[in-house]
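For reference, the chains in residue letters:
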Amino acid sequence: MATEYDLVILGGGTGGYVSAIRATQLGMKVAIVEKSELGGTCLHRGCIPSKALLRSAEVFQQTKKADAFGVEVNEPVLNFSKVQQRKNEIIEQLHKGVQGLMKKGKIDVYQGFGRILGPSIFSPMPGTISVEYENGNENDMLLPKNVLIATGSQPNTLPGLDFDGEYLISSNEALEMKDLPKSMLIVGGGVIGIEWASMLNDFGVDVTVLEFQKQILPTEDKDIAKEMEKQLKKRGVNIITGANVQTDTIEKNNGIVIEAVIGDKKERFEADRLLVSVGRKANIQNIGLENTEIQISNHTIDTNAFYQTKESDIYAIGDVIGGMQLAHVASHEGIAAVEHMAGEYTQEIDYQTVSSCIYASPEAASVGLTETQAKEEGYDLVIGKFPFKAVGKALVYGESDGFVKIITDKKTQDLIGVHMIGPHVTDMITEAGLAKVLDATAWEISQTIHPHPSLSEIIGEAALAVDGLQIHG
Ligand code: FAD
């Protein structure tokens, strides 16, 4: 017998479980089908575990530098199994929290693999969802009025670089390492690769990053990428851009050897392990898309602005639709999708107001267009830039590298993009996001009195710098 629901969600990651909560607030009867664990990539293999490890790495480094603050400590010793234990405890605590939220919302959670079977004479559109169990238990059949696909993504690799879980790993295995290698090669200098490079370097691992593009962090503003490269190199991370990794040269023998073509030279790289971080691919396999009219482009599910697929009662959100593959994007897309299903007024998400963050040391954060993108779109720009070294609180913190860059439209004075690199910028970027949402100008930001001493003073100064009126620089 099939159980009826207003909404069945495939995938209980950040996108899926947040959508479920919002849907129950709107009065829907909801089920989540999750093949693994509630919380998905972000909680178990992404945001949270990586930030927990990054924090341990930061504490390790800061303790080494304590002397500069007048605090004398013995040489700190890293206990990596404790580092991992702390990370696992944080995940467990948050996992219990999500489970509790499902119980509180009376959301049925089916722990199995969900597949869309399509409509039949007994089940009108969008048709039946089957739940298949690993232990061979009989399948469950669910009959929803609406379906939300939130199946997320998994690590991508390059042809010839198949993950073996030991020497050649993705971020999934890297997060579970029992001990640290002496050396790590990282193929791919995007956000995930750079966070790992920074963290492993702080833990004392010898790190080399091989990036195919001319700059690391290819989607970031060029000044931010340049500053990040400079800071990481200063700390001893070996970064090579324009490196074309020759995957067919890989050798594994108690470690990894691989060649890369850099300019007109071929170079050989050796390390204990190789981490591939070349993007993520959407989980669209075996979920029954062939039983629907749903369309795919670039290996992701196509939707309209309200996340409806070609089948109007099947929606899709989060990593599985591509775009900004971020946890906060997945959850907000999910909220917009279920509100649309419920016939509520739905505001389209303006992706130009969404912040994205890099939790390396230094941190980086941005909202809106990069300088290059803005120029390509034909804007005439006025840019204000201000350095952390002129901000008192940054000196107090002992972290005064980096800057804030505010890009505005000369004609309208609108904010086009805000880019930051330096201490705690991942916590400060929201001011720029709010300014974008409210359509504020740089002048309005500069009229907001920022407390002194605070790191946020840099935003006021960068806003003044747009008109050349900065006070301390
Ligand atoms: P997911 O979280 O991937 O959830 C999808 C769920 O669907 C999974 O639990 C999966 O088991 C389940 N599933 C798949 N197929 C089926 C099926 N057929 N039946 C049942 N269940 C199924 N984002 C940030 O915003 N900030 C960060 O700091 C950040 N750091 C990251 C660090 C790393 C190392 C990685 C890998 C990612 C990071 N991300 C970060 C990205 C973030 O994790 C994702 O954008 C986010 O998890 C996407 O949410 P989602 O709900 O779309 O998918």
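Remember, it's a predicted structure, so these values are computed and weren't measured experimentally. (Residues numbered from 1 in each chain as written. Predicted model: local features only at pLDDT ≥ 70, side-chain atom pairs only at ≥ 80, totals over all residues.)

K.L.:
Would you explain the pairing of strand S20 (residues 355-358) in this entry?
P.N.:
Remark: a regular strand shows side chains that alternate across the two faces of the sheet. Relative to strand S21 (residues 363-368), S20 runs antiparallel, the two sharing four bridges. Paired with Cys357 across the strands is Ala365, a residue of S21. Counting the residues between successive antiparallel strands, the hairpin from S20 to S21 contains four residues. (Pairing = 2+ DSSP bridges. Helix = DSSP H or I, 4+ residues; strand = E, 2+ residues; numbered from the N terminus.)

K.L.:
Would you take a moment to explain the nonpolar core for this structure?
P.N.:
Soluble globular proteins tend to bury their nonpolar side chains together. In terms of nonpolar packing, the biggest core is built from 81 residues, with Leu185 and Met228 touching the most fellow members. Looking at which element gives the most residues to this core, the answer is helix H6 (residues 191-202), with seven residues. Filtering out sequence-adjacent residues up to four positions away, Met228 remains in contact with Ile194, Ile216, Leu217, Ala360, Ala364 and Ile421. Within the second largest apolar cluster, 50 residues are counted, among which are Val8, Ile9, Ile301 and Val329. (Core = buried A, V, L, I, M, F, W, Y, C linked by C-beta atoms within 7 Å. Buried ≥ 20, exposed ≤ 12 C-beta atoms within 10 Å, placed from the backbone. Contact = placed C-beta atoms within 7 Å.)

K.L.:
Please explain the sheet that holds strand S12 (residues 243-252) as it appears in this structure.
P.N.:
In sheet architecture, strand pairing relies on hydrogen bonds along the backbone and comes in two forms, parallel and antiparallel. Spatial strand order, S12-S13-S14: three strands in an open sheet with antiparallel pairing. If you trace the sheet from one side to the other, it starts and ends with S12 and strand S14 (265-271), each paired once. This sheet shows a mean twist of 25° between the axes of neighbouring strands, independent of strand direction. (Axes fitted to C-alpha atoms, helices over the stretch in contact; angles between N-to-C directions.)

K.L.:
Hey, could you run me through the sheet that holds S20 in this one?
P.N.:
Strand order in the open sheet formed by five strands is S20-S21-S24-S23-S22, with antiparallel pairing between adjacent strands. Each edge of the open sheet carries a strand with a single partner, namely S20 and strand S22 (381-387). In this sheet, neighbouring strand axes are inclined to one another by 10° on average, regardless of whether the strands run parallel or antiparallel.

K.L.:
Sorry if this is basic, but what is going on with helix H7 (residues 222-234) here?
P.N.:
For an α-helix, 3.6 residues make a turn, and residues three or four places apart therefore share a direction. Taking 1.5 Å per residue, 13 residues should reach 18 Å; H7 reaches 18 Å between its end C-alpha atoms and fits that length. Elements that come into contact with the buried residues of H7 comprise H6, strand S11 (238-241), S21 and strand S24 (415-422). Positive backbone phi, approximately 105°, marks Gly236, located one or two places after H7. (Expected span 1.5 Å × (residues − 1).)

Nothing here speaks to function; it is geometry throughout.
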